[in-house]
Amino acid sequence: MSTESEVKHWHVTYNNIHNLIRKNTPKIATEFSPDLLVAIGGGGFFPARVMRTFLREITTNKTLQIQAIGLSLYEPVDGVTEDKIGEQVIRTQWLGADAGKMLLGKRVLIVDEVDDTRKTLSYALTELRKDVETELLNYPEVDRDALRASTKFGIFVVHNKNKPKLAELPEGTLYYSGEEVDDVWLDYPWESTNIEEHDKFAALDVQNAAAVATKTVDVRV
Ligand code: 5GP
């Protein structure tokens, strides 16, 4: 069994994230054209805020609303025993009582920093769709299909780990990732208390990866 020290880490900088979002937003604006962002906290907060800046620039100068939900899979939260950490998605924050009203008829882009096992994204989508279904009960049955169809969900993650996923996304969900990465542990800048040191580690990670790549080429020659 691997221990924490054996897990390969990769440090990501604020600039890396900003540039991945800059590169990917035009496609998202054209294909999905979100009119509401739902950030999964805490990792989705910074990416959602940056994406709003680029969406505003690309589209009609409109500042999109960012709603926040809090989900936890890895971090200990009150009342959750240690054996459940990593298994079960826990809601730590959700939209208000008018969640369904807020979502119905919108093109909702869910934003998170990383798609690892996919459990969190799957949970978020399932639960947001339940809110939409609850809201639909307030409408005549004859109108529901059209209203449901006009409510679209998309996903943007800064990083998607290339690994077998443990949960599925509902069919038809538009999915965007800034970058596909190996199954390593990503260290994000907002988790660091010393950003200069974090950026140094990030530069070292890039150097080391380049050295390994050069060695691989030498071996092949
Ligand atoms: P998933 O449900 O896809 O397994 O995990 C999603 C959540 O787990 C992310 O929102 C994030 O909070 C956490 N997570 C998964 N992989 C990583 C990682 O490599 N680095 C960090 N910092 N958090 C991660």
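Structural notes, computed from the coordinates. For clarity, every value in this text was computed on a predicted model and none was experimentally measured.

## Description of the packing of helix α1 (residues 14-31) against helix α2 (residues 45-58)
Stage number 1. Contact pair α1 / α2: the axes reach a minimum separation of 9 Å and the direction vectors enclose 45°. Between α1 and α2, the angle is such that the two are oblique. Of the two possible hands of crossing, α1 and α2 adopt the one that is right-handed. Residues Tyr14, Ile17, His18, Ile21, Arg22, Thr25, Pro26, Ile28 and Ala29 of α1 pack against Phe46, Pro47, Val50, Met51, Phe54, Leu55 and Ile58 of α2.

## So, the pairing of strand β6 (residues 152-161)
Stage number 1. Burial analysis of β6 places 9 of its 10 residues in the buried class, which makes it a mostly covered element.
Stage number 2. Judged from the 8 bridges that link them, strand β5 (residues 107-115) and β6 form a sheet pairing that is parallel. Looking across to β6, one finds that arginine 107 is bridged to lysine 152.
Stage number 3. In terms of strand pairing, β6 meets strand β7 (residues 174-181) through 7 bridges, oriented parallel. Bridge pairing in β7 links glycine 154 to leucine 174.

## Let's talk about the site of the ligand
Stage number 1. Lining the immediate surroundings of the ligand are 17 residues, of which Thr117, Thr120, Lys161, Leu186 and Glu191 lie closest.
Stage number 2. Take glutamate 113: an N or O atom from its side chain is 3.1 Å from an oxygen atom of the ligand.
Stage number 3. Interatomic distance of 2.4 Å between a side-chain N/O atom of threonine 117 and an oxygen atom of the ligand.
Stage number 4. For the shell around the ligand, the secondary structure elements donating two or more residues are β5, α4 (119-136) and β8 (185-187).
Stage number 5. In terms of residues, the shell around the ligand owes the most to one element, β5, which gives 4 residues.
Stage number 6. Tallied by class, residues from the shell around the ligand come to 7 nonpolar, 2 polar and 8 charged.

## Structural notes on unusual backbone geometry
Stage number 1. The step from glycine 41 to glycine 42 runs through a cis peptide bond, and the omega angle for that step is -5°.
Stage number 2. With respect to the helices and strands, the residue glycine 42 is situated in the loop between β2 (36-41) and α2.
Stage number 3. The phi dihedral of serine 33 falls on the positive side, at around 50°, and the residue is not glycine.
Stage number 4. Checked against the element boundaries, serine 33 lands in the loop between α1 and β2.

## Considerations on the sheet that holds β7
Stage number 1. Strand order in the open sheet made by the 6 strands is β4-β3-β2-β5-β6-β7, with mixed pairing throughout. Here the strands that pair on one side only, and so sit at the sheet edges, are β4 (90-93) and β7. The sheet shows a mean angle of 25° between the axes of neighbouring strands, taken without regard to direction.
Stage number 2. Pairing geometry for β2 and strand β3 (residues 66-72), over 5 bridges, is parallel. When the bridges of β3 are listed, glycine 41 appears paired with glycine 70.

## Looking at the side chain of aspartate 115
Stage number 1. By secondary structure assignment, the location of aspartate 115 is in strand β5.
Stage number 2. One polar contact links aspartate 115 to arginine 118, side chain to side chain, over a distance of 2.8 Å.
Stage number 3. Polar contacts involving the side chain of aspartate 115 include one to the side chain of tyrosine 175, which spans 2.6 Å.
Stage number 4. Aspartate 115 has contacts with Leu121, Val157, His159, Asn160, Lys161, Lys165 and Tyr175, leaving out every residue within four places of it along the chain.

Reading guide: rules and limits
- Residues numbered from 1 in each chain as written.
- Predicted model: local features only at pLDDT ≥ 70, side-chain atom pairs only at ≥ 80, totals over all residues.
- Heavy atoms only, no water.
- Axes fitted to C-alpha atoms, helices over the stretch in contact; angles between N-to-C directions.
- Helix = DSSP H or I, 4+ residues; strand = E, 2+ residues; numbered from the N terminus.
- Parallel < 35°, antiparallel > 145°, perpendicular 65-115°, else oblique.
- Left-handed = near helix turned anticlockwise from the far one by under 90°.
- Contact = heavy atoms within 4.5 Å.
- Buried < 20%, exposed > 50% of the residue type's maximum accessible area, 1.4 Å probe, protein only.
- Pairing = 2+ DSSP bridges.
- Near = heavy atom within 4 Å.
- Polar contact = N/O pair within 3.5 Å; in protein donor to acceptor, adjacent residues only side chain to side chain.
- Nonpolar A, V, L, I, M, F, W, Y, C, P; charged D, E, K, R; others polar.

By themselves, these observations are geometric and do not establish any function.
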